[in-house]
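Each chain, letter by letter, is given below.
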Amino acid sequence: MSSELNNRIRVYRAEHRISQGELAERIGVSRKTISTIEVGKFIPSTVIALKIARHFDVPVEEIFSLNE
Amino acid sequence: MKGAVMTKKEISTPQLYDRFMQRVAVAFFVLSLNYVADIVRVYSSEEVDQILGYASKASAIAVLLLILPSFIPLMRRRYNNKSACREPEGFIVEGFKKATLKAFSFTFLVLVYGQMFAEELLLEITGEVAIHFVLAMLLGTASVSFFFAIRDDSDEEDDDFGVEPEA
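As the structure is a computational prediction, the values presented were derived from the model and not from experiment.

Draft legend 1. Structural view of the packing of aromatic side chains. Evaluation of the coordinates by the stated rule reveals 8 aromatic pairs over all chains. Between F42(A) and F91(B) the ring centres are 5.7 Å apart and the planes differ by 70°, which places this aromatic pair in the edge-to-face class. Residue F42(A) is located in the loop between α3 (31-38) and α4 (46-56), and its partner F91(B) is located in helix α3 (residues 91-117); the two belong to separate chains. On the basis of relative accessible area, F42(A) is assigned to the buried category, the value being 7%. Relative to F96(B), the ring of F28(B) lies with its centre 5.8 Å away and its plane at 50°, an arrangement referred to as tilted. Of this pair, F28(B) sits in helix α1 (residues 13-43) while F96(B) sits in helix α3, placing them 68 residues apart in sequence. Look at F28(B) and you get partly exposed, because its relative accessible area is 22%. F96(B) gets classed as buried once you look at its relative accessible area, which sits at 15%. One aromatic cluster is present, formed by F28(B), F96(B), F146(B) and F147(B) through successive ring pairs.

Written as structure tokens, this is what we have:
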């Protein structure tokens, strides 16, 4: 499963004060997709990961990282 | 809601697509039951055959009523803006792909097993029953696998960071 992939989407959402639904809307996916990425149930494609990073204007490694 | 991109009534295209996929999976399950009913009808009395015939027709109508309300708006959006319907790697779409792959694998294994160990049974059944059996298994396995794949115990309501605290 996705236990090896950490993400900081929730942190960035809190900083930017946007909901899962709003983020989903802005990058063109469903809210379920965002919520399952956040909890590590769904590993996003490179395209979705890059879109999320671009939305927060940070490198993708700032949001996604692998467990050591 | 501050910063909301869409109004409450307007559903986004990816959300609409998710809803459509979930309804397709429900339709798969109903259709698989229909095929099972068709097999039962072959071996049942005339009275049971008639009842199952009505049930099949009713469920076919129910499937149409289930699918069309999400299919028509989706096609309308696709017609107006072709790129609007692209969500090739969403959670639900991925679940659907996995489910169809599992359904194919499972059905293939059952057919191989049947060919190897149940040859006599296969010789007794008609082609129609065999096809209905395969379709029922494919659709049933796909729908059950799909709902198993997309179940999400951790799913909760949107935390809505976008709402500003009241002064």
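Draft legend 2. Main features of the packing of α1(B) against α3(B). All names here are of chain B. Axis separation between α1 and α3 bottoms out at 9 Å; the angle between their running directions is 25°. As judged from the angle between their axes, α1 and α3 are roughly parallel. The element α1 and its partner α3 pack so that their crossing is left-handed. Two secondary-structure elements touch here, α1 through Y17, D18, M21, Q22, V24, A25 and F28 and α3 through I92, V93 and F96. Of the residues assigned to the contact of α1 with α3, the class counts are 8 nonpolar, 1 polar and 1 charged.

Draft legend 3. A look at the pattern of salt bridges. Residues and elements named next belong to chain B. Tallied over the full model, the rule gives 3 salt bridges over all chains. One salt bridge in this structure joins R41 and D38, with 3.6 Å as the shortest N-O distance. Of this pair, R41 and D38 both sit in helix α1, 3 residues apart, which is roughly one turn of the helix. Residue D49 is joined to R41 by a salt bridge in which the shortest nitrogen-to-oxygen separation is 2.6 Å. You can call R41 partly exposed: its relative accessible area is 28%. Shared partners join several salt bridges into a network, and the residues in it are D38, R41 and D49.

Draft legend 4. Inspection of the side chain of D18(B) at higher detail. Tracing the backbone through its elements, the reader meets D18(B) in helix α1. No salt bridge is formed by the buried D18(B); its nearest oppositely charged neighbour, K32(A), is found at 8.0 Å. Among the polar contacts made by the side chain of D18(B), one reaches the side chain of S30(A) at a distance of 2.6 Å.

Draft legend 5. Structural view of unusual backbone geometry. Residue and element names in this part refer to chain A. Although it is not a glycine, R17 adopts a positive phi angle of roughly 55°. Residue placement: R17 occurs in the loop between α1 (9-16) and α2 (20-27). The partly exposed category is assigned to R17, whose relative accessible area is 38%. Backbone geometry at D57 places phi at a positive 60°, although glycine is not the residue there. Inspection of the secondary structure assignment puts D57 in the loop between α4 and α5 (60-63).

The rules we used
- Residues numbered from 1 in each chain as written.
- Chains lettered and ligands numbered in written order.
- Predicted model: local features only at pLDDT ≥ 70, side-chain atom pairs only at ≥ 80, totals over all residues.
- Heavy atoms only, no water.
- Phe/Tyr/Trp six-rings, centres within 6.5 Å; stacked < 30°, edge-to-face > 60°.
- Helix = DSSP H or I, 4+ residues; strand = E, 2+ residues; numbered from the N terminus.
- Buried < 20%, exposed > 50% of the residue type's maximum accessible area, 1.4 Å probe, protein only.
- Axes fitted to C-alpha atoms, helices over the stretch in contact; angles between N-to-C directions.
- Parallel < 35°, antiparallel > 145°, perpendicular 65-115°, else oblique.
- Left-handed = near helix turned anticlockwise from the far one by under 90°.
- Contact = heavy atoms within 4.5 Å.
- Nonpolar A, V, L, I, M, F, W, Y, C, P; charged D, E, K, R; others polar.
- Salt bridge = Lys/Arg side-chain N within 4 Å of Asp/Glu carboxyl O.
- Lys, Arg positive; Asp, Glu negative; His and termini not counted.
- Polar contact = N/O pair within 3.5 Å; in protein donor to acceptor, adjacent residues only side chain to side chain.

Honestly, it's all geometry; don't read function into it.
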